[in-house]
Amino acid sequence: MKHPDDDNELFNRLEAEMATDSNGDVVDLDKARSARAESADGTTDASADSGPDRSGDPQPTESADSEMGESDDSGPALVDRPTSTQTGPGLIDRIRDSKRLDVIPVWMKSRAEFAEAMRWLAGHVGHTIAFHAVRVPFLYVPKLIWRSPRGALNTLGRIGRWAVDAEGEPLRQAEARRENSELYLKLSRQRDRRVRLRMLLTVLGGLFTLGLVLFLVFGAERMTQVIAATVAMLGFGLAGAPADAPLATRAVIKTEVQKLTSDIVVKAMASIGIGQIATAVAKGQDGIRFVAPITREGPGWRADIDLPLGVTVADVADRRARLASGLRRPLGCVWPDADPNEHEGRLILWVGDRDLSKTGIVKWQLANARRHDIFKRNPFGIDPRGRAQSVPMIQHNILIGSLPGQGKTASVRVLACGAALDPSVELWLHENKGTGDLDSLECVSHRFVSGIDDDSIKYAADSLKLLREEVMRRAAAIKKLPRDLCPDKRITRQIADKRSLKLWPLVGVFDECQNLFAHPKYGKQAGDDAEFIIKLGRALGVILILATQRPDKDSLPTGISGNVSIRFALKVAGQVENDMILGTSAYKSGVRATSFRPEIDAGNGYLAGATALPVVVRTAYLDDNATHAIAQRALALRKAEGTLSGHALGEDSEAVTGPTYDLLADVAAVVPPSEERVWNERIAARLAELRPEVYGGWKGENVTSALKPHGVKTTGVAGTTDDGARTTRRGIVRDDLMKAIAERDENRGAA
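Since the structure is predicted, the reported quantities are computational estimates derived from the model, not experimental observations.

## Some points on the overall build of the protein chain
On a plain count of helices and strands, the protein chain comes out with 27 helices and 18 strands. Buried residues in the protein chain amount to 39% of all 751 residues. Long-range contacts, defined here as pairs at least 24 residues apart, represent 67% of the contacts in the protein chain between residues at least 6 apart.

## Regarding the sheet that holds strand S16 (residues 677-679)
In spatial order, the strands read S16-S18-S17; together these three strands make up an open sheet with antiparallel pairing. The sheet is open, and its two edges are formed by S16 and strand S17 (715-720), each paired on a single side. With direction set aside, neighbouring strand axes in the sheet form an average angle of 60 degrees. As paired elements, S16 and strand S18 (residues 726-733) share three bridges and run antiparallel to each other. Bridge pairing links Val678 to Ile732 in S18.

## Considering the environment of Leu247
Checked against the element boundaries, Leu247 lands in the loop between helix H10 (222-239) and helix H11 (262-270). Residues Leu247 and Leu144 lie 103 residues apart in sequence; the distance between their C-alpha atoms is 7.9 Å. Discounting chain neighbours no more than four positions away, the residues touching Leu247 are Tyr140, Lys143, Leu144, Arg147 and Leu238.

## Some points on a positive patch on the surface
On the surface, a cluster of positive charge is made up of Lys186, Arg189, Arg193 and Arg196. With respect to the element layout, Arg196 can be found in helix H9 (residues 181-218). Residue classification places Arg196 among the exposed positions, given a relative accessible area of 58%.

## Focus: the packing of H11 against helix H14 (residues 320-327)
Contact pair H11 / H14: the axes reach a minimum separation of 8 Å and the direction vectors enclose 140 degrees. By the angle between their directions, the pair H11 and H14 is classed as oblique. Crossing of H11 against H14: the hand is right-handed. In this structure, H11 contributes Ile264, Val265, Ala268 and Met269 to the contact, and H14 contributes Leu323, Gly326 and Leu327.

## As for the side chain of Arg592
Mapped onto the elements of the fold, Arg592 is located in the loop between helix H21 (575-582) and strand S14 (604-608). Excluding its chain neighbours within four sequence positions, the residues that come into contact with Arg592 are Asp318, Asn578, Tyr587 and Tyr606.

## Re the pattern of salt bridges
Applying the stated criterion across every chain yields a total of 38 salt bridges. Note that Asp601 is salt-bridged to Arg597, the shortest N-O span being 3.0 Å. On the basis of relative accessibility, which here comes to 22%, the residue Arg597 falls in the partly exposed class.

## Section: helix H15 (residues 408-420)
Turn by turn, an α-helix covers 3.6 residues, leaving residues three or four places apart pointing in a common direction. Helix length check: H15 (13 residues) gives 18 Å between terminal C-alpha atoms against 18 Å at 1.5 Å per residue, within 8%. With 13 of its 13 residues buried, H15 lies for the most part within the structure.

## Remarks on the side chain of His430
Note on placement: His430 falls in strand S9 (residues 426-431). Engagement of the side chain of His430 in a polar contact is seen with the side chain of Ser463, the distance being 2.7 Å. Every residue in contact with His430, bar those within four places of it in the chain, is listed here: Val449, Tyr459, Ala460, Ser463, Val509, Phe510 and Asp511.

## A look at the nonpolar core
One finds Leu464 and Trp698 to be the most contacted residues of the largest nonpolar core, which totals 74 residues. When neighbours within four sequence positions are excluded, Trp698 is seen to be in contact with Met472, Ala476, Leu663, Ala684, Leu687, Val703 and Ala706. Counting 46 residues, the second-largest nonpolar core is a separate cluster that includes Val414, Leu415, Val507 and Ala631.

## Quick word on the pairing of S17
Summarising the sheet, S17 and S18 pair through six bridges and their orientation is antiparallel. By the bridge assignment, Ala718 is partnered in S18 with Thr728. Remark: five residues form the turn of the hairpin made by S17 and S18, two consecutive strands paired antiparallel; Gly724 in that turn has positive phi of roughly 90 degrees.

## Here's the deal with the sheet that holds S14
Spatial strand order, S7-S6-S15-S14-S13-S8-S12-S11-S9-S10: 10 strands in an open sheet with mixed pairing. Strands with a single pairing partner mark the edges of an open sheet, and in this sheet they are strand S7 (388-391) and strand S10 (445-450). For this sheet, the mean inter-axis angle between neighbouring strands, taken without regard to orientation, is 25 degrees.

## Some details on a nonpolar patch on the surface
On the surface, a cluster of nonpolar side chains totalling about 900 Å² of accessible area is made up of Val103, Ile104, Met108, Phe114, Met118, Trp120, Leu121, Val125 and Ile129. Top element by residues in the nonpolar patch is helix H7 (residues 111-163). It accounts for six residues. Summarising the element assignment, Leu121 is placed in helix H7.

## Notes on the packing of helix H8 (residues 169-177) against H9
Where H8 contacts H9, the two axes come as close as 9 Å, and the packing angle between them is 155 degrees. Overall, the two elements H8 and H9 adopt an arrangement that is roughly antiparallel. Two packed elements cross with a definite hand, and for H8 against H9 that hand is left-handed. On the side of H8, the interface is formed by Leu171, Arg172, Glu175 and Ala176, while H9 contributes Leu183, Tyr184, Leu187, Ser188 and Arg191. Across the contact of H8 with H9, the residue classes tally to five nonpolar, one polar and three charged.

What counts, and at which threshold
- Residues numbered from 1 in each chain as written.
- Predicted model: local features only at pLDDT ≥ 70, side-chain atom pairs only at ≥ 80, totals over all residues.
- Heavy atoms only, no water.
- Helix = DSSP H or I, 4+ residues; strand = E, 2+ residues; numbered from the N terminus.
- Buried < 20%, exposed > 50% of the residue type's maximum accessible area, 1.4 Å probe, protein only.
- Contact = heavy atoms within 4.5 Å.
- Pairing = 2+ DSSP bridges.
- Axes fitted to C-alpha atoms, helices over the stretch in contact; angles between N-to-C directions.
- Patch = residues over 30% accessible without salt bridge, like charges linked within 9 Å, V, L, I, M, F, W, Y side chains within 5 Å.
- Areas by Shrake-Rupley, 256 points an atom, 1.4 Å probe, with all protein chains shown as cover.
- Salt bridge = Lys/Arg side-chain N within 4 Å of Asp/Glu carboxyl O.
- Lys, Arg positive; Asp, Glu negative; His and termini not counted.
- Charge placed at Lys NZ, Arg CZ, Asp CG, Glu CD.
- Parallel < 35°, antiparallel > 145°, perpendicular 65-115°, else oblique.
- Left-handed = near helix turned anticlockwise from the far one by under 90°.
- Expected span 1.5 Å × (residues − 1).
- Polar contact = N/O pair within 3.5 Å; in protein donor to acceptor, adjacent residues only side chain to side chain.
- Core = buried A, V, L, I, M, F, W, Y, C linked by side-chain atoms within 4.5 Å.
- Nonpolar A, V, L, I, M, F, W, Y, C, P; charged D, E, K, R; others polar.

Structure representation (structure tokens):
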């Protein structure tokens, strides 16, 4: 039998324990909470918290308790304040930090996008009008004439049924079968009243119609008769149309795509294998949080999502194929992106109406342009949302990589044609595949080669050597410019237009550059020259565009892949190739050009460096005919402005293979045999005195860079400064210089 005190056993035990802990004293809870909060904040000293009656109480401290091994029954340590002293940012701060939506849509702010939208609308309306206009005399009118008798009979039948109130007959018969005499009589009286009125209106209407017909047949003018017959034919023809056979067919068949809803997104996100989301959905929660309503954006739907704590956008991008399966959409329709203005867990999920690869050929915006300014962004293609994407070229170098047949050369054409449409740009084109993909632009090129043989490779290597020397010349020239003309020490449109300065933009294109950099004889030096140009030529108007189908350490030196600022990767084979083109850790960050499908996604690639975050771009396409037409316009521009040079004028390529001075001979002239070792800074000063128009402004590092391609290495040289102090600085050994001159002369003689 249960004792009555058993019900209170737990309560009594807890009460006894509380009394023991407080030594039988009544505890003031408000004071205890205040003391605990002050102790957690560290604002009140422990001795100050003790009351006067506790000063003599030899209670053990917390550390003493710990040393004695006693258990701590005080509960978890207080971390947060019981009551917050601040409730967060104020109203003004919250309004100031809130995100404002655009008053005018983005596509209306861009002239190009607005013009493209208007062109599409005009084309859509024009197509619809033309589609139906062609069918009116040959299809629609015969259909109406054929259906008119049936329509007249249908009209007379409807009038007759209305006149005799046929629509109420089933109801009256139903009440008669139920033997509901009272309701049946009411319905019969109602029918009698309706029929009397409707028959009267029908007779009057029939007499009026008969009179009107007789007038139109015998008394009306011919034009009135034609109009009346047309109206009657239209009316009776439409009335005689079967329900399953409409008169007109659709001019445009719309693609019916399921609307993107939050339920669909939650289910899809739960199916991609992220534990935090799947667990939350299994418990009846969403697992993700929508920070804005799902809206239409371009030809698709956009959802802004906050992922669970610890989950990044890269985790979702890694499972893009699973996400597409969960959404029941093709892979080319699903594009998870990060928001550059938010945290790493903010996902922008854009789901298109159709696969990006099925958007067809993208027309280049400058295909019909008369000219272009290279100091402005060069149109490049569109992203999955249909927004135009462009590439800045000035102060940048560009690397393009992909497997064969994925659209690499077409991307190079777009960039080269953009540069060609600026008559101030000097083009150096090198196509080391030998198929003639860039032959159309030969007519506007200062230097041009197409081939894979050793002579063509040597020509491209010589171009890089010349570009290196050009970079050094430009560096010295820029230094001499007045501050008001060149405050930032970089090429501007104003400087480029001054032809006397010879500082116009120079674009060097090296397609299939793996054949150059992997060459056993010229590859190593070409790689060093290209790395030097990429590092220093950016601000001097020298731009390199490198394209390769084999991105590895041998065919694409790491010094090049690690320093280019703009990268475009179409379909690549694996993670190593992906990161060689797009940068280290791009694959881990979810930027994966390996996800593109061979041939199906040709022309699609990840563009990095041109925007805040890498973006998928479908490049514009220029075939050989379109490229030729652009090249002819560029040729006319250059002829009109007198900027044709080099190969385009038929000059001998050997005449421009080197500068008009001999660097090694000049250095040998300023370093006498009595000086076995000399500092580079002293060589620079002497060269400036020898040829100020060439070496003016040179420093020791310029000498180091200039001599490196010739095999003259710098080393530490001990010497005495002008003040008599002994020190060691960078310099050369004269014997190394003379050896380099001898080897060069020997090679020339052998040639």
